[in-house]
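Commentary on secondary and tertiary structure
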Amino acid sequence: MPVNHSNPLDDPSVNPFEIAATAAADIARLSGVDKHDIALTLGSGWGKAADIIGETVATIPATEVTGFSKPALEGHVGTLRSIRTPDGKNVLVIGARTHYYEDHGVRRVVHSVRTAAATGAKIMVLTNGAGGIRETWKPGQPVLISDHINLTADSPLEGATFVDLTDLYSKRLRDIARTIDPTLDEGVYTQFRGPHYETPAEVQMAKIIGGHIVGMSTALEAIAAREAGMEILGFSLITNLAAGIQQTPLSHAEVIEAGQHAEPVITKLLARVIEAL
Ligand code: HPA
């Protein structure tokens, strides 16, 4: 079991936006970059994108930034990177995602997004590795997220905070992504709690209610990003067809391997999209 390190976000009387503002100040101090324009969360398979987006100005261990969780696996420290693109945009690359299934609460799940907003980022790019429900999709294929279904029965919003989620995954940004790759398909992302994969029956349920992609992240982060006023672009790398759609059992090793195969293509795609934003 992971050790539950103390975190200021765990105190319910603490305002999570104040912690995010402190985290943003930590990033500014440690990177020397006062303001970021775009934030990018790297999910499985997308990890190398940071290397080709631009010049790395600073790499910060997440453990040095207020409110970030210690990694679920000891010895695997997540990082935040400040990258400058050739055309002068400052991109905050978040390689330290806290998943909902880690059981640290939603505040910690969305802290990176709130911190990104506090650094000034107006665009949040969320990427993940996920299962595909559409039979025409192939492992290794990136798809755009057009909308989501949040099956966690949870929300990052606290109190009676009513936030509109129409066009949550910006059509404008999806159109920009398609100027780079016109063949990009899109689908509705369905967030399950995990960490177990879905049963075939659950995948059929997701399909019947309008889902095309199944995964364990992103939806809660997108809601927090919208609350913070950011425009959102979502990408899923289809690492496997979802349980019961593919006829073989799912394995974490298969998911990692599909990500490694796809990496050169999807990282180039992502770098070109970031350049076009
Ligand atoms: N389901 C949920 N999450 C995933 C999957 C899946 O099939 N593949 C990669 N992440």
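Residues numbered from 1 in each chain as written. Predicted model: local features only at pLDDT ≥ 70, side-chain atom pairs only at ≥ 80, totals over all residues. Heavy atoms only, no water.

Looking at an unreviewed UniProt entry, one finds the protein named Purine nucleoside phosphorylase, with Microbacterium hydrocarbonoxydans as its source organism. Under the heading Function (unreviewed entry), UniProt records this for the protein: "The purine nucleoside phosphorylases catalyze the phosphorolytic breakdown of the N-glycosidic bond in the beta-(deoxy)ribonucleoside molecules, with the formation of the corresponding free purine bases and pentose-1-phosphate. Cleaves guanosine, inosine, 2'-deoxyguanosine and 2'-deoxyinosine." According to the UniProt record, the Catalytic activity (unreviewed entry) comment for the protein reads "a purine 2'-deoxy-D-ribonucleoside + phosphate = a purine nucleobase + 2-deoxy-alpha-D-ribose 1-phosphate". (UniProt positions renumbered as here; feature names shortened; annotations may be inferred.)

What follows deals with the side chain of Glu198. Structurally, Glu198 is set in the loop between strand 7 (186-191) and helix 5 (200-208). Arg193 is the oppositely charged side chain nearest to the buried, salt-bridge-free Glu198, at an N-O distance of 11 Å. Excluding residues that lie within four positions of it along the chain, Glu198 makes contacts with Phe192, Val203, Val214 and Ala243. (Helix = DSSP H or I, 4+ residues; strand = E, 2+ residues; numbered from the N terminus. Buried < 20%, exposed > 50% of the residue type's maximum accessible area, 1.4 Å probe, protein only. Lys, Arg positive; Asp, Glu negative; His and termini not counted. Salt bridge = Lys/Arg side-chain N within 4 Å of Asp/Glu carboxyl O. Contact = heavy atoms within 4.5 Å.)

This next bit is on the packing of helix 1 (residues 16-31) against helix 3 (residues 106-118). The interhelical angle for the contact between helix 1 and helix 3, taken along N-to-C directions, is 55 degrees, at an axis separation of 8 Å. As judged from the angle between their axes, helix 1 and helix 3 are oblique. Helix 3 is crossed by helix 1, and the crossing has right-handed handedness. Contacts between helix 1 and helix 3 involve Pro16, Phe17, Ile19, Ala20, Ala21, Ala23, Ala24 and Ile27 on the former and, on the latter, Arg107, His111, Arg114, Thr115 and Ala118. Residue classes in the contact of helix 1 with helix 3 are distributed as 9 nonpolar, 2 polar and 2 charged. (Axes fitted to C-alpha atoms, helices over the stretch in contact; angles between N-to-C directions. Parallel < 35°, antiparallel > 145°, perpendicular 65-115°, else oblique. Left-handed = near helix turned anticlockwise from the far one by under 90°. Nonpolar A, V, L, I, M, F, W, Y, C, P; charged D, E, K, R; others polar.)

Our focus in this paragraph is the packing of aromatic side chains. Using the criterion set out here, one finds 1 aromatic pair in the structure. Between Trp46 and Phe235, the aromatic rings sit 5.5 Å apart at their centres with planes inclined by 40 degrees, giving tilted as the arrangement. Within this pair, whereas Trp46 is found in the loop between strand 1 (38-41) and helix 2 (49-53), its partner Phe235 is found in strand 9 (residues 231-241), the two being separated by 189 residues in sequence. Both residues of the pair, Trp46 and Phe235, count as buried. (Phe/Tyr/Trp six-rings, centres within 6.5 Å; stacked < 30°, edge-to-face > 60°.)

Mapped onto the elements, Ile223 comes out in helix 6 (residues 219-227). Distance in space between the C-alpha atoms of Ile223 and Leu92 is 19 Å, their sequence separation being 131 residues. Look past the residues within four positions of Ile223 in its chain and what remains in contact with it is His148, Asn150, Pro156, Leu157 and Leu165.

Residues in contact with the ligand, as listed here, are Gly129, Ala130, Gly131, Tyr197, Glu198, Val214, Gly215, Met216, Thr239, Asn240, Leu250 and Val255. One of the backbone N or O atoms of Gly131 is found 3.4 Å from a nitrogen atom in the ligand. Between the ligand and Thr239 there is a distance of 3.4 Å, counted from a nitrogen atom to a side-chain nitrogen or oxygen. In isolation the ligand offers 260 Å² of accessible surface; the protein chains occlude 95% of this area. When contributions to the shell around the ligand are tallied by element, the ones reaching two or more residues are strand 5 (123-132), strand 8 (213-215) and strand 9. In terms of residues, the shell around the ligand owes the most to one element, strand 5, which gives 3 residues. Residues that form the shell around the ligand fall into these classes: 6 nonpolar, 5 polar and 1 charged. (Near = heavy atom within 4 Å. Polar contact = N/O pair within 3.5 Å; in protein donor to acceptor, adjacent residues only side chain to side chain. Areas by Shrake-Rupley, 256 points an atom, 1.4 Å probe, with all protein chains shown as cover.)

A separate point is unusual backbone geometry. Cis geometry is found at the peptide bond from Gly194 to Pro195, where omega equals 0 degrees. For Pro195, the location among the structural elements is in the loop between strand 7 and helix 5. Of note in this structure, Asp103 is not a glycine but carries a positive phi near 70 degrees. Overall, the relative accessible area of 58% leaves Asp103 in the exposed class. For Asp167, which is not a glycine, the phi torsion comes out positive at approximately 55 degrees.

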